[in-house]
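Structural description and commentary
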Protein chains: 2
Amino acid sequence: MPKIVDPVERRQAVADAVLRVAAREGLEHASLRNVADEAGLAIGSVRHYFAGSSELMIFAMGELARRIEARIHTHAAALLDPAATGDRRERTLQLLAETLPLDAERREEAGVWLSFVTAARTRPELRGRLAKMQAGLDELVHRVLLETDRAGALTPGLDLTVETRRLSALLDGLTLQAVQHPLLVGPDELCAVLRHHLDSLAVARD
Amino acid sequence: MPKIVDPVERRQAVADAVLRVAAREGLEHASLRNVADEAGLAIGSVRHYFAGSSELMIFAMGELARRIEARIHTHAAALLDPAATGDRRERTLQLLAETLPLDAERREEAGVWLSFVTAARTRPELRGRLAKMQAGLDELVHRVLLETDRAGALTPGLDLTVETRRLSALLDGLTLQAVQHPLLVGPDELCAVLRHHLDSLAVARD
DNA sequence: GCCGTTATAGCACGGGCGGGCTAAATTCTT
DNA sequence: AAGAATTTAGCCCGCCCGTGCTATAACGGC
């Protein structure tokens, strides 16, 4: 048998190269040639693991989504599930803040993700993963609100469907603005707006 | 002297073709050739009015921005300036709702605009117009909140800086989600979320 | 040591791209 | 009628693209 290479690992390495090129030069420059160069491979090698550029893009998008979801769900598990220590309000804030681009690395990730979102508008093959991502985020937000409500920390009588959409859209919008104008909309302001929004949903605690 | 052609009009017609191609096939397909075809011109003609593709893109982006701003400011003048008729709350809602993609046409516009936003991440020459657009929207939101406050219709003690960012981000996020999932996030839900947000800022009335 | 399998490498083709450049058509002024 | 200015048209070059395809290299089982 041949050279020992873990094909899964290789595919991830190539997808990584896609994301690096997309972050640095834009998704439109993530061609097979550029990606192969970035990964230190020949173009033929890349094509050995991916049938074509379309499959590569779908996979790379999936990898990015997986990475983002993994980071969030790690915090979700740590902060949401156990009857953990610390202020519930503070924990909720930290969990949702994890979806925001609070540092340069996550801002880059968000920028590349936005590229995929934009590309999906005219490339149906990307829409599946996109919908899954958005559904996951919506569900997370919904669960957070539900939990908060169950703990009696939410203003009574709120329509959770509307509140979920509102909070989810707020997170998306903050992310979009932070990607567009990192200097104008910095981490502090992102957190302040999110904190203020959560406060506005909470029952008064004096 | 030569054939009589209004160069301003021509440039707008070509920019229009750019926007149509971008809406239909994505900004990456808005090449000089495709745009010339779409406009019913030869490639040489297009290049007579624009020095290169970069200039064309900047101009097209500017045209789109101008169009969006014009629509909003028309409503802004009609709904904000005069001590007009009708419920103040309702007028405010309608003004801000004008920034949302409530129908297919505006959804397309927003999608193309999102393409430019994404492109600007790796093309500095587009950032100028982008920043201007965002600043204009922020200022509009700020002014609306100021006016509402001046009329005494706002919960006292609000931090208008934070509220401006929050509302502006909410509008951006709603737009983004409506572009991504037009079926899931329809016009009714957009309006409902916006109305609810404005209500949450208002003093109780009854 | 040999072979089959798999990884790596990359040539070659057709096509789209931006842009330098030339040439023709058009139309107002003289 | 002649000529100058402007618009329209598009050839041609070099570059990058994806992909079909072939050739070589690496390595484990026999």
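All of these numbers come straight from a predicted model, not from anything done at the bench.

Remarks on the overall build of chain A
Each helix and strand in chain A was counted, giving nine helices and zero strands. Each helix (α) and strand (β) of chain A, taken in turn from the N terminus, gives the series α-α-α-α-α-α-α-α-α. Projecting the C-alpha coordinates of chain A onto the three principal axes gives extents of approximately 65 × 40 × 30 Å. Looking at chain A as a whole, 47% of its 206 residues are labelled buried. The contacts in chain A between residues at least 6 apart in sequence include a share of 68% that link residues at least 24 apart. When the accessible surface of chain A is totalled, it reaches about 10,000 Å², and 55% of it is carbon and sulfur. Taking the 26 positively charged and 30 negatively charged side chains of chain A as two groups, their mean positions are separated by 4 Å.

Section: the domain arrangement of chain A
All names here are of chain A. Taken domain by domain, chain A holds domain 1 (1–50) and domain 2 (61–201). Listed as interface residues are seven residues of domain 1 and, on the opposing side, nine residues of domain 2. For the pair domain 1 and domain 2, the summed buried surface comes to about 680 Å²; carbon and sulfur atoms form 72% of the total. A per-residue breakdown of the area domain 1 buries against domain 2 is headed by Leu 19, Ala 23 and Leu 27, which together make up 67% of the total. Counting the contacts that link domain 1 with domain 2 gives one salt bridge. Between Arg 67 and Asp 16 there is a salt bridge, with the nearest N and O atoms lying 2.7 Å from each other. When its residues are assigned to classes, the side of domain 1 that touches domain 2 shows five nonpolar, one polar and one charged.

Brief notes about the side chain of A:Glu63
Mapped onto the elements, A:Glu63 comes out in helix α4 (residues 53–80). Setting aside residues no more than four positions away along its own chain, A:Glu63 makes contact with A:Gln12 and A:Ala15.

Details of the packing of helix α6 (residues 104–120) of chain B against helix α8 (residues 160–180) of chain B
All names here are of chain B. With their axes 9 Å apart at the nearest point, α6 and α8 run at an angle of 105 degrees to one another. Classified by the angle between their axes, α6 and α8 sit roughly perpendicular to one another. Along the contact surface, α6 presents Arg 107, Ala 110, Gly 111 and Leu 114, while α8 presents Thr 175, Leu 176, Ala 178 and Val 179. The residue makeup of the contact of α6 with α8, split by class, is five nonpolar, two polar and one charged.

Overview of the relation of the copies chain B and chain A
Between the two copies, chain B and chain A, the superposition gives an RMSD of 0.0 Å; the rotation angle is 180 degrees and the shift along the axis is 0.0 Å. On the angle and the small slide along the axis, the relation comes out as a two-fold axis. Of the C-alpha atoms belonging to chain B, the one lying closest to the rotation axis is found on B:Gly173, 1.8 Å away. Both copies share a contact surface, since 100% of the interface residues of chain B are interface residues in chain A too.

Details of the packing of aromatic side chains
Residue and element names in this part refer to chain A. Counting across every chain of the model gives two aromatic pairs over all chains. Relative to Phe 59, the ring of Phe 50 lies with its centre 5.5 Å away and its plane at 55 degrees, an arrangement referred to as tilted. Residue class for Phe 59 comes out partly exposed when judged on its relative accessible area of 22%. A cation over an aromatic ring shows up here: Arg 11 above the ring of Phe 59, its NZ or CZ 4.5 Å from the ring centre.

Re the pattern of salt bridges
By the definition in use, this model includes 36 salt bridges over all chains. Ionic pairing is found between A:Glu69 and A:Arg129, a salt bridge with its closest N-O pair at 3.2 Å. Placement of the pair is A:Glu69 in helix α4 and A:Arg129 in helix α7 (residues 127–150), with a sequence separation of 60 residues. One salt bridge in this structure joins B:Asp138 and B:Arg165, with 3.0 Å as the shortest N-O distance. Residue B:Asp138 is located in helix α7 (residues 127–150), and its partner B:Arg165 is located in helix α8; the two are separated by 27 residues in the primary sequence. Relative accessible area serves as the criterion here: at 8%, B:Arg165 is assigned to the buried category. A single network of salt bridges, built from pairs that share partners, joins A:Arg71, A:Glu98, A:Asp103, A:Arg106 and A:Glu109.

What counts and what doesn't
- Residues numbered from 1 in each chain as written.
- Chains lettered and ligands numbered in written order.
- Predicted model: local features only at pLDDT ≥ 70, side-chain atom pairs only at ≥ 80, totals over all residues.
- Heavy atoms only, no water.
- Helix = DSSP H or I, 4+ residues; strand = E, 2+ residues; numbered from the N terminus.
- Buried < 20%, exposed > 50% of the residue type's maximum accessible area, 1.4 Å probe, protein only.
- Contact = heavy atoms within 4.5 Å.
- Areas by Shrake-Rupley, 256 points an atom, 1.4 Å probe, with all protein chains shown as cover.
- Lys, Arg positive; Asp, Glu negative; His and termini not counted.
- Charge placed at Lys NZ, Arg CZ, Asp CG, Glu CD.
- Domains from an automatic or database assignment.
- Buried area = accessible area lost by both parts, 1.4 Å probe.
- Salt bridge = Lys/Arg side-chain N within 4 Å of Asp/Glu carboxyl O.
- Nonpolar A, V, L, I, M, F, W, Y, C, P; charged D, E, K, R; others polar.
- Axes fitted to C-alpha atoms, helices over the stretch in contact; angles between N-to-C directions.
- Parallel < 35°, antiparallel > 145°, perpendicular 65-115°, else oblique.
- Least-squares fit on C-alpha atoms with pLDDT ≥ 70 in both.
- Phe/Tyr/Trp six-rings, centres within 6.5 Å; stacked < 30°, edge-to-face > 60°.
- Lys NZ or Arg CZ within 6 Å of the ring centre and 35° of its normal.

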